[in-house]
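These are the residues of each chain, in order.
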Amino acid sequence: AGRSGSATVNYTLGRDNVDSTYDNSPDDAPQNPLDAEAEIGAARTDRPHIFNGFYVYELPFGRGATSGWRKALLAGWQIAGITRIESGPAARIRLANCNYNRGWCFPGNLRPNRVDDPAAGDQSGLAWFDPAALESPPVGEYGTAPVAPVRLPGRHQWDIAVAKTVELMGDTHLQFRADL
């Protein structure tokens, strides 16, 4: 865009499905070792949507002024920034494994049954999925929910700078800058 500034934007659409995660977590152990297809799901590193933007824009105020207070006050202002917006990671939900009717429980890899869409309804604040959409499976059965039935909230990150450049003399400039 010449003197006015520049912008670069990019967008990535992708899926990362695996049968285990990258960190050999206990969550990777299969619920049912005899059903490998049921263990394939979104990896913790999966972010289906990623948007990045980098921009610099020189504000047009006072550009025509050659001297005086207008040039000193209005000219030389610039806005720059980096914006990143991405989907949240897939979340694996596991139950304490009390499903064998022996009176003891241990953290396990049993998935719940999915009875409704956990992403439906109001998703604000700490309520980013509906827990009523998931329930414990009957005793002795495996859960029917997918490996990662919900996603954690995504991320919006905005880094913005506002700067004012003042010409002192000749090729010497002074810049006042605020980074947010």
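So, how was this worked out
Residues numbered from 1 in each chain as written. Predicted model: local features only at pLDDT ≥ 70, side-chain atom pairs only at ≥ 80, totals over all residues. Heavy atoms only, no water. Helix = DSSP H or I, 4+ residues; strand = E, 2+ residues; numbered from the N terminus. Buried < 20%, exposed > 50% of the residue type's maximum accessible area, 1.4 Å probe, protein only. Contact = heavy atoms within 4.5 Å. Pairing = 2+ DSSP bridges. Core = buried A, V, L, I, M, F, W, Y, C linked by side-chain atoms within 4.5 Å. Axes fitted to C-alpha atoms, helices over the stretch in contact; angles between N-to-C directions. Phe/Tyr/Trp six-rings, centres within 6.5 Å; stacked < 30°, edge-to-face > 60°. Salt bridge = Lys/Arg side-chain N within 4 Å of Asp/Glu carboxyl O.

J.: So what exactly am I meant to see when it comes to the overall build of the protein here?
T.: Along its length, the protein carries one helix and 13 strands. When the helices and strands of the protein are placed in sequence order, the string is β-β-β-β-α-β-β-β-β-β-β-β-β-β. By the burial criterion, 28% of the 180 residues in the protein qualify as buried. Counting only contacts in the protein whose residues sit at least 6 apart along the sequence, the fraction spanning at least 24 positions is 67%.

J.: I keep staring at the pairing of strand β4 (residues 49–58) and nothing clicks. Help me out?
T.: Here is the key point about a regular strand: its side chains alternate between the two faces of the sheet. Relative to β4, strand β1 (residues 5–13) runs antiparallel, the two being bridged by nine bridges. Its bridge partner lying in β4, Ala7 is registered against Tyr55. Here nine bridges tie β4 to strand β5 (residues 77–86), and the two strands are oriented antiparallel to one another. Residue pairing across strands places Phe51 opposite Ile85, the latter belonging to β5.

J.: Can you help me understand the nonpolar core in this one?
T.: Across soluble globular proteins, you tend to see nonpolar side chains buried next to one another. Listed in full, the five residues of the largest apolar core are Ala91, Ile93, Leu134, Ala145 and Val150. Once residues within four sequence positions are removed from consideration, Val150 is found in contact with Pro89, Ala90, Ala91, Ile93, Pro118, Trp128 and Phe129.

J.: Mind showing me how you'd approach the sheet that holds strand β13 (residues 172–179) here?
T.: In any sheet, the strands associate via hydrogen bonds between backbone groups, in a parallel or an antiparallel arrangement. Ordered by their spatial adjacency, five strands build an open sheet running β1-β4-β5-β12-β13, and the pairing between neighbours is antiparallel. The open sheet has two edge strands, β1 and β13, and neither has a second partner. Here the average twist between neighbouring strands, direction ignored, is 10°. Summarising the sheet, β5 and strand β12 (residues 155–169) pair through 10 bridges and their orientation is antiparallel. Looking across to β12, one finds that Ile82 is bridged to Asp159.

J.: Sorry if this is basic, but what is going on with the packing of aromatic side chains here?
T.: Geometry of an aromatic ring pair is reported as the spacing of the ring centres plus the angle between the planes. On inspection of all chains with the given rule, the structure shows one aromatic pair. Here the aromatic rings of Trp128 and Phe129 are separated by 4.8 Å at their centres, their planes lie at 55°, and the arrangement is tilted. Note on Trp128: relative accessible area 25%, which makes it partly exposed. Residue class for Phe129 comes out partly exposed when judged on its relative accessible area of 23%.

J.: How should the pattern of salt bridges be read in this particular structure?
T.: It is possible for side chains bearing opposite charge to pair when their charged atoms get close. One pass over the structure, following the stated rule, counts eight salt bridges. With its nearest N and O atoms 3.6 Å apart, the salt bridge here joins Asp46 to Arg15. In this pair, Asp46 is assigned in the loop between β3 (41–42) and β4 and Arg15 in the loop between β1 and β2 (17–18), connecting sequence segments 31 residues apart. Given a relative accessible area of 54%, Arg15 falls into the exposed group. A single salt-bridge network, built from bridges that share partners, covers Arg47, Arg84, Glu86 and Arg155.

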